[in-house]
Amino acid sequence: MTKEELMRKAIELSVRNVAEGGGPFGAVIARNGEIISTGTNRVTPDHDPTAHAEVSAIRAACRELGTFDLSGCEIYTSCEPCPMCLGAIYWAHLDRMYYGNDKHDAARIGFDDAFIYKELELNPEDRRLQAERLLPEEALKAFTDWENKTDKTAY
């Protein structure tokens, strides 16, 4: 499939998902023009704030390919990803991203992520979400164990 056909599939998923009670977002992960997985926004139907189209498509692609590394794949998403999804795209090592609507289009219909980007620029103590560091010395044990583990799978 061409880039345009894959993007049309992501857009089609977003339109169908609205009709089925989900959010207006769809995503496709492809490799060499072949669809590996798809995802739609299921936040409200599934009562899951992380059930965004991109995250759902990444999870499905990883299951399908049996890996957490999606190098060699591309994502086509009906809208520029939110900070969570963009982070997931980077962590999944997708080679390229294509999107239809941008974050300004999303903000116009009530999906505005600008506050998250602004919060990330602040020191933790200055963020809207109250946070407190607790038991850092004890928490370091898992990091030390990981650092010393000789048979770990790095990611």
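Every chain is numbered independently, its residues counted from 1 as its sequence is written. This being a predicted model, a pLDDT of at least 70 is required before a residue's local features are given, and a value of 80 or more before pairs of side-chain atoms are given or counted; all residues contribute to the totals for chains, interfaces and linings. With hydrogens and water stripped out, all remaining heavy atoms of the structure feed into the side-chain values.

**Observations concerning the packing of aromatic side chains**
Stacked, edge-to-face and tilted are the three classes for Phe, Tyr and Trp ring pairs, Trp counted by its six-membered ring, which pair at centre distances within 6.5 Å; planes under 30 degrees apart are stacked, over 60 edge-to-face, the rest tilted. Evaluation of the coordinates by the stated rule reveals 4 aromatic pairs. Judged by centre distance (5.9 Å) and plane angle (70°), the ring pair of phenylalanine 68 and tyrosine 155 falls under edge-to-face. With a gap of 87 residues between them, phenylalanine 68 in the loop between α3 (53–65) and β3 (74–79) and tyrosine 155 in the segment after α7 (136–148) connect regions that are remote in the sequence. Burial classification: accessible surface area is computed with a 1.4 Å probe over protein chains only, and a residue below 20% of its type maximum counts as buried, one above 50% as exposed, and the rest as partly exposed. Judged by its relative accessible area of 43%, phenylalanine 68 is partly exposed. Per the convention used, a helix needs a DSSP run of H or I reaching at least four residues, while a strand needs a run of E reaching at least two, with both numbered from the N terminus.

**Let's talk about α7**
The span expected for a helix works out to 1.5 Å for each residue beyond the first. Look at α7: 18 Å from first C-alpha to last across 13 residues, which is about the 18 Å you get at 1.5 Å a residue. Helix geometry: α7 is bent most strongly at alanine 142, by close to 25°. Counting buried residues along α7, only 0 of its 13 residues qualify, which leaves the element largely exposed. Throughout, bend refers to the angle between the axes fitted to the seven residues that end at a position and the seven residues that start at it.

**Regarding the environment of glutamate 119**
Relative to the elements of secondary structure, glutamate 119 occurs in helix α6 (residues 114–120). Considering only alpha carbons, one finds glutamate 119 and leucine 129, 10 residues apart in sequence, at a separation of 8.9 Å. Contacts are assigned to residue pairs that have any heavy atoms within 4.5 Å of one another. If near-sequence neighbours (up to four positions away) are discounted, glutamate 119 is found in contact with Arg127, Arg128 and Leu129.

**Some points on the UniProt feature "domain: CMP/dCMP-type deaminase" (unreviewed entry) in the protein chain**
UniProt positions are given in the numbering used here, feature names are shortened, and annotations may be inferred rather than shown by experiment. Using the residue numbers shown here, the UniProt feature "domain: CMP/dCMP-type deaminase" (unreviewed entry) corresponds to residues 1–112. Helix makes up 45% of residues 1–112 and strand makes up 22%, while its end C-alpha atoms are separated by 32 Å.

**Points about the pattern of salt bridges**
The working definition used for a salt bridge is a side-chain nitrogen of Lys or Arg within 4 Å of a carboxyl oxygen of Asp or Glu. Per the counting criterion, the structure on display carries 5 salt bridges. A salt bridge links glutamate 12 to arginine 16; the nearest nitrogen and oxygen atoms lie 3.6 Å apart. Note that glutamate 12 and arginine 16 are positioned in helix α1 (residues 3–19) at a spacing of 4 residues, about one turn of the helix. According to the relative accessible area criterion, glutamate 12 is partly exposed, its value standing at 41%. Overall, arginine 16 belongs to the partly exposed group, its relative accessible area being 38%. Between arginine 108 and aspartate 105 there is a salt bridge, with its nearest N and O atoms 2.2 Å apart. Residue arginine 108 and its partner aspartate 105 are both found in helix α5 (residues 103–108); the two are separated by 3 residues, about one turn of the helix. You can call arginine 108 exposed: its relative accessible area is 63%. For aspartate 105, a relative accessible area of 26% corresponds to the partly exposed category. Through salt bridges with shared partners, one network takes in Lys9, Glu12 and Arg16.

**Notes on the sheet that holds β3**
Pairing within the open sheet is mixed, and its 4 strands lie in the order β2-β1-β3-β4. What marks the edges here is a single partner per strand, and that holds for β2 (34–40) and β4 (96–101). With direction set aside, neighbouring strand axes in the sheet form an average angle of 15°. Here, strands pair whenever DSSP counts at least two bridges between them. Looking at chain direction, strand β1 (residues 26–31) and β2 are connected through 6 bridges and run antiparallel. From the neighbouring strand, glycine 26 faces β2, where its bridge partner is threonine 40. To obtain each axis, a line is fitted to C-alpha atoms, and for helices this fit is confined to the stretch in contact; angles are then taken between N-to-C directions over 0 to 180 degrees. Most of the contacts of α1 go to β1, to which it runs at about 150°, and overall it touches β1, β2, β3 and β4.

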